Amino acid sequence: MTEEDFDTKRLHAGYRPEDHQYASSVPIYESAAFGFGTEARAEGIIGGTISGYSYTRNGNPTTKVLEDRIAALEGGVDAVAVGSGMAAITYTILNVAEGGGRILAPTNIYGASLDEFRTLFPKFNINFDFYDDVNDLETVKAAIKPDTKAIYVESVANPSTEVTDIEALAEIAHAHQIPLIVDNTFPTPYLLRPFEFGADIVVYSSTKGINGHGNVISGLVVDHGQFDWTNGKFPQFTEPEFTLGDEATGQQASFVEKFGASAFAARIQVKYVRLFGGLLSPFDAYLVLLGLETISERLTKEVANATAVAKYLSQNPHVKRVYYSGIESANPLVTKYLPKGIGAILAFELDGTAEQVATLLDHVKVFSYLPNVGDAKSLIVNPTKTTHREIPAAIRAKHALNDRVIRLSLGLESATDLIHDLEQAINQAFH
Ligand SMILES: *Cc1c(COP(=O)(O)O)cnc(C)c1O
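Residues numbered from 1 in each chain as written. Predicted model: local features only at pLDDT ≥ 70, side-chain atom pairs only at ≥ 80, totals over all residues. Heavy atoms only, no water.

As recorded by an unreviewed UniProt entry, the protein carries the name homocysteine desulfhydrase and is attributed to Secundilactobacillus odoratitofui DSM 19909 = JCM 15043. Its UniProt record gives the protein a comment under Sequence similarities (unreviewed entry), which states: "Belongs to the trans-sulfuration enzymes family." The annotation that UniProt attaches to the protein under Cofactor (unreviewed entry) is "pyridoxal 5'-phosphate". (UniProt positions renumbered as here; feature names shortened; annotations may be inferred.)

Set out below in structure tokens:
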């Protein structure tokens, strides 16, 4: 996909104005249910032989535009919108390892993901094999077991900004007939599209950069449509499925038979969203669509701001280390995967004490002190006390996460004002 294609799709893909009174803004279908009209039409909609809507938990026209748009932007066959990034991750893991199995994942992942993987999924008979260095390919190869169902990674680590070698991990996964799942929240599809490097499923917290305004909690699952679910390891996609049956003939179909390449996304929609119920509201889908319209301009400016701030911090005598792989001139993974920039998030270690970190946080005026990223406003947080608190200390230590590390998410303010704000707050801390 060229940059021009992307820029056009983020505004138009998945939406046919002629189906909606030629409304220029995607209408919000804030309706729990949709009339069938006639009995024959009801039969067609429920039976899946004609397209249409019946009940918003089963599908909604506003949400569908978001799903189709993100699938187009990502280069996938289908997508499912859900109520949060965690719902997207949860449904994806359940869908791939339903009934039990193992997943391979690095330890440097989002705090709630790590907590869920360590403490909750094992209760559902889904167990994780963790490893420390996301790009340690030999360890990955050695850790795959007969019942391993997927490799799960994040494309850019939080907050170290280490870049994942997606193509190498996809090759290993495919050699073992398992999919590679990538949480691509930090770069967004504007900066990186993991399917172009062989990933099979991409998940997002669209709470962050995709929406970009800090006003919605939402998640997305995107299906590349290339993985072969019929290889014997994933019976949930090939077994006859009661809900896909044809009552008149008594014929049952599997997800692969009925949905082909989009079996994975379809199964999340039909089983998990419809039955577990964690859908995205049409109003929130509308807000995500609105945010998405300016994704290219937002990310371009945020990357420029993050780069300027990272360069400023790396010259500051009170800063011990800056974590922003985007300014590492000779990092081949950055050149390969993120040539337009690694994103809006960076971290730095203050050359001081935890008390000085607290003073700094107390004195920022432009930055907002809160646990989020990817907002149009610049954000600051101390991960070990907040966002990464649920990560065990031993794991934090392995990823250089100590109580002097501060994470920033750069917004759209002036870089000069942001740098001045940090400068005065650092000066207060070292007063
Ligand atoms: C925020 C985040 C999540 C969780 O998303 P929610 O929308 O908060 O549920 C998952 N992964 C990453 C990388 C995140 O930053």
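After that view of the structure, there is still more to cover.
Right, let's talk about the overall build of the protein for a bit. Broken down by element type, the protein carries 16 helices and 14 strands. In terms of overall size, the protein behaves like a compact globule, its C-alpha atoms giving a radius of gyration of 22 Å where 431 residues would be expected to give roughly 22 Å. Buried positions account for 55% of the 431 residues belonging to the protein. Of all intrachain contacts in the protein linking residues separated by at least 6 positions in sequence, the fraction that spans at least 24 positions is 72%. Counting every atom, the protein has about 17,600 Å² of accessible surface; 52% of that belongs to carbon and sulfur. Across the protein, the 35 positively charged side chains and the 53 negatively charged ones have centroids separated by 4 Å. (Helix = DSSP H or I, 4+ residues; strand = E, 2+ residues; numbered from the N terminus. Rg over C-alpha atoms; globule rule 2.2 N^0.38 Å. Buried < 20%, exposed > 50% of the residue type's maximum accessible area, 1.4 Å probe, protein only. Contact = heavy atoms within 4.5 Å. Areas by Shrake-Rupley, 256 points an atom, 1.4 Å probe, with all protein chains shown as cover. Lys, Arg positive; Asp, Glu negative; His and termini not counted. Charge placed at Lys NZ, Arg CZ, Asp CG, Glu CD.)

In the segment running from Asn-158 into Pro-159, the intervening peptide bond is cis, with an omega of 0°. Mapped onto the elements of the fold, Pro-159 is located in the loop between strand E4 (148-154) and helix H7 (166-175). At Tyr-22, a position not held by glycine, the phi torsion is positive, near 60°. Along the chain, Tyr-22 falls in the loop between helix H1 (3-12) and helix H2 (39-47).

On to the domain arrangement of the protein. One can read the domain layout of the protein as domain 1 (6-291) and domain 2 (295-430). Centre-to-centre, using C-alpha coordinates, domain 1 lies 30 Å away from domain 2. Each side of the interface is counted separately: domain 1 has 41 residues, and domain 2 has 39 residues. Ranking the residues of domain 1 by area buried against domain 2 places Pro-159, Tyr-190 and Leu-191 at the top, with a combined share of 21%. Seen at the junction of domain 1 and domain 2, the total is three salt bridges. Among the ionic pairs, Asp-132 bridges to Lys-398, the shortest N-O distance being 3.2 Å. The interface formed by domain 1 and domain 2 contains 18 residue pairs in polar contact (both at pLDDT 80 or more). (Domains from an automatic or database assignment. Buried area = accessible area lost by both parts, 1.4 Å probe. Salt bridge = Lys/Arg side-chain N within 4 Å of Asp/Glu carboxyl O. Polar contact = N/O pair within 3.5 Å; in protein donor to acceptor, adjacent residues only side chain to side chain.)

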